[in-house]
Amino acid sequence: MSNIDYSDKIPNNVNLANDRTLQRALEHWQPRFLDWWREMGPNDFASVDVYLRTAVGVDAQGWAHYGTVKMPDYRWGIFLADPIANRTIGFGDSFGQPVWQQVPGEFRSQFRRLIVTQGDTEPASVEQQHRLGHTCPSLYDLRNLFQINVEEGRHLWAMVYILHAYFGRDGREEAEELLARHSGDVDKPRILGTFNEPIEDWLSFFCFCYFTDRDGKFQLKSLAESSFDPLARTCRFMLTEEAHHMFVGETGLGRIVRRTLEVMKEIGSDDPEAIRRRGAVDLPLLQRYLNYWFSSSLDLFGSEVSSNAATTFASGIKGRPDETTQYRDHVCSDSTFEIEVPDGRGGVVKDTSPMRNAMNEVLRDAYVRDCEIGLKRWNMQIKRAGYNFELKLPSNRFRRAIGAWANIPTDLEGRPIGREEYDRSLPGWLPSASDRDYVKSLMQRVVEPGKMAAWIAPPERGVNNLPVDYEYVRLN
Ligand SMILES: [Fe+2]
Ligand SMILES: [Fe+2]
């Protein structure tokens, strides 16, 4: 493993210094990235000191350094997980053959599209969260937001490195485009729908980290299985950072539940209005936010049955998360997958698809199971506090815009219902305008070290063994 040289303009463990052309190309892109960061990142906080971790290597032990930096001085680097000796292709038609160190010509455009789509989400999320810092519920949370922002910036670097190093001129052009599209831009929006919705309150931010960023985790997990080894190694290391983003989402929502339960206990009531008078988030309101973000994130996995998914699996481009440990049949040439689809007459019918064509659905199923873990934990908290309320994920047929269930009206349980009933019920299932106004009214910034906004409980512990009341961001 090569060491990381921090005196390099671009910290890296890919021996950039040995490839002058590539190094020059990336050094040419670097100031553009910094311009983008200054304009589209958390720009009002450019001069504040933030306690951040920076990736400095790929060792499981000690891969990150913690310290205080100003965000524009963050050292965004390029890191690939260590190669696995004699790694072979783990799935599809070429199962068992040596992995590729270059992109095979026949798969070039498919790889490029996947890498660009993944790469596009990274800066998109920074743009979506552009103004969120102004309404932070605590310095601890503000720091976590910035940590995620700088790491999504590094994930952009990870994808841009692959584009520059393996896709020649096309790759360099795509890297420029990654900085030219912007979240919510009318003329040049980000590629995926969910990444064009602004995130203006912290309840949405925590939902985004929990649901939408978790889609990212699953995409990275399946790309980490890819036969194109540099891509697999890049994604494997990105997952190390991603774990913290999942943590922020899960603990953020868990802390909101804890605070709500405290308020319910204090006032001896679960009446939403009474809870709101005390400035907390009533659980039905939280449920509506979960319904919204879960259903919008499900679409990111694509159609249930997809010939494109079959091709990327067969060719060894994109596997299933944890392909080696979770599955026995890695070829899937004659297995099938059963899915439930609308029958066109307001009912449901079972359909059988070749397994390879159903890979999006396999991925979505794994994602849904992962989403359920947090809900179980929060429901346990609610139960222990003595309340009879259960947070639930809606059916994966609910409010879909892509796939077999796109635009089919169903209730939260996934039962097909009439269009009129759907339109009538929807305001009770999703955040209403008054819900959003209420959440907005809670977004008052709290920046005294250790203090929390009234709608969220403090975290159980601080960052990197520091106390919760540490001054994680010095706003000076
Ligand atoms: Fe990311
Ligand atoms: Fe992330």
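Before reading on, note that the structure itself is shown above.
Calculation criteria
- Residues numbered from 1 in each chain as written.
- Chains lettered and ligands numbered in written order.
- Predicted model: local features only at pLDDT ≥ 70, side-chain atom pairs only at ≥ 80, totals over all residues.
- Heavy atoms only, no water.
- Helix = DSSP H or I, 4+ residues; strand = E, 2+ residues; numbered from the N terminus.
- Rg over C-alpha atoms; globule rule 2.2 N^0.38 Å.
- Buried < 20%, exposed > 50% of the residue type's maximum accessible area, 1.4 Å probe, protein only.
- Donors = N, O, S within 2.8 Å, 3.2 Å for Na, K, Ca; no water.
- Phe/Tyr/Trp six-rings, centres within 6.5 Å; stacked < 30°, edge-to-face > 60°.
- Expected span 1.5 Å × (residues − 1).
- Contact = heavy atoms within 4.5 Å.
- Axes fitted to C-alpha atoms, helices over the stretch in contact; angles between N-to-C directions.
- Parallel < 35°, antiparallel > 145°, perpendicular 65-115°, else oblique.
- Left-handed = near helix turned anticlockwise from the far one by under 90°.
- Nonpolar A, V, L, I, M, F, W, Y, C, P; charged D, E, K, R; others polar.
- Salt bridge = Lys/Arg side-chain N within 4 Å of Asp/Glu carboxyl O.

Colleague: Looking at this model, I keep getting lost on the overall build of the protein. Mind explaining?
Modeller: Looking only at helices and strands, one finds 13 helices and 5 strands in the protein. For 476 residues, the compact-globule estimate of 2.2 N^0.38 gives 23 Å, and the C-alpha radius of gyration of the protein, at 23 Å, lies within 12% of that figure. Counting only C-alpha atoms, the protein reaches 65 × 65 × 40 Å along its principal axes. The burial tally for the protein puts 58% of its 476 residues in the buried class.

Colleague: Just to check I follow, could you spell out the coordination of the iron ion (ligand 1) for this structure?
Modeller: When a metal carries six donors in an octahedron, the ideal angles between them are 90 or 180 degrees, while four donors in a tetrahedron ideally lie at 109.5 degrees. Binding of the iron ion (ligand 1) to the protein goes through Glu122 (OE), Glu152 (OE) and His155 (ND1), at separations of 2.0 to 2.2 Å. In the primary sequence, the donor residues of the iron ion (ligand 1) line up as E-x29-E-x2-H. A separation of 3.4 Å is found between the iron ion (ligand 1) and the iron ion (ligand 2), both of which receive a donor from glutamate 152. Residue glutamate 152 and its partner histidine 155 are both found in helix 3 (residues 139-166); the two are separated by 3 residues, about one turn of the helix. Pair check on accessibility: glutamate 152 and histidine 155 agree, each one buried.

Colleague: Whenever I open this one, the packing of aromatic side chains confuses me. Can you help?
Modeller: Working definition: an aromatic ring pair is given by the centre-to-centre distance plus the angle between the planes. Inspection of the entire model under this criterion finds 36 aromatic pairs. Aromatic pair tryptophan 100 and phenylalanine 111: ring centres 6.3 Å apart, planes at 90 degrees, arrangement edge-to-face. One end of the pair, tryptophan 100, is in the loop between strand 2 (64-70) and helix 2 (108-128); the other, phenylalanine 111, is in helix 2, and 11 residues separate them in sequence. Each member of the pair, tryptophan 100 together with phenylalanine 111, is buried. Between phenylalanine 205 and phenylalanine 206, the aromatic rings sit 5.6 Å apart at their centres with planes inclined by 50 degrees, giving tilted as the arrangement.

Colleague: Mind showing me how you'd approach the coordination of the iron ion (ligand 2) here?
Modeller: For the iron ion (ligand 2), the full set of protein donor atoms is Glu152 (OE), Asp213 (OD), Asp213 (OD), Glu242 (OE) and His245 (ND1), and the range of their distances to it is 1.9 to 2.7 Å. Read from N- to C-terminus, the donor residues coordinating the iron ion (ligand 2) fall into the pattern E-x60-D-x28-E-x2-H.

Colleague: Would you mind showing me how to read helix 1 (residues 20-40) here?
Modeller: Every α-helix carries 3.6 residues per turn, so stepping three or four residues along brings you back to the same face. If you check helix 1, its first and last C-alpha atoms are 30 Å apart, about what 21 residues at 1.5 Å a residue would give, namely 30 Å. Every buried residue of helix 1 is accounted for by Leu22, Gln23, Ala25, Leu26, Trp29, Gln30, Phe33, Trp36, Trp37 and Met40. As for helix 1, its buried residues are in contact with helix 2, helix 3 and helix 4 (168-180).

Colleague: I keep staring at the packing of helix 6 (residues 229-267) against helix 11 (residues 359-384) and nothing clicks. Help me out?
Modeller: Any two packed helices are characterised by how steeply their axes cross, that is the angle between the axes, and by the distance between the axes. Between helix 6 and helix 11, the shortest axis-to-axis distance is 10 Å and the interhelical angle comes to 15 degrees. Considering their axes alone, helix 6 and helix 11 lie roughly parallel with respect to each other. Where helix 6 crosses over helix 11, the two elements pack in a sense that is right-handed. Contacts between helix 6 and helix 11 involve Glu250, Leu253, Gly254, Val257, Arg258 and Leu261 on the former and, on the latter, Gly374, Arg377, Trp378, Gln381 and Ile382. Class assignment of the residues belonging to the contact of helix 6 with helix 11 gives a composition of 5 nonpolar, 3 polar and 3 charged.

Colleague: Got a minute to help me understand the pattern of salt bridges in this structure?
Modeller: Side chains carrying opposite charge are able to pair once their charged atoms draw close together. Using the criterion set out here, one finds 34 salt bridges in the structure. In this structure, the salt-bridge partner of aspartate 35 is arginine 38, at a minimum N-O distance of 3.0 Å. Taken together, the residues aspartate 35 and arginine 38, both in helix 1 and 3 residues apart, mark about one turn of the helix. Arginine 415 serves as the salt-bridge partner of glutamate 413, at 3.3 Å between the closest nitrogen and oxygen. Where salt bridges share partners, they join Asp120, Glu127, Arg181 and Arg190 into one cluster.

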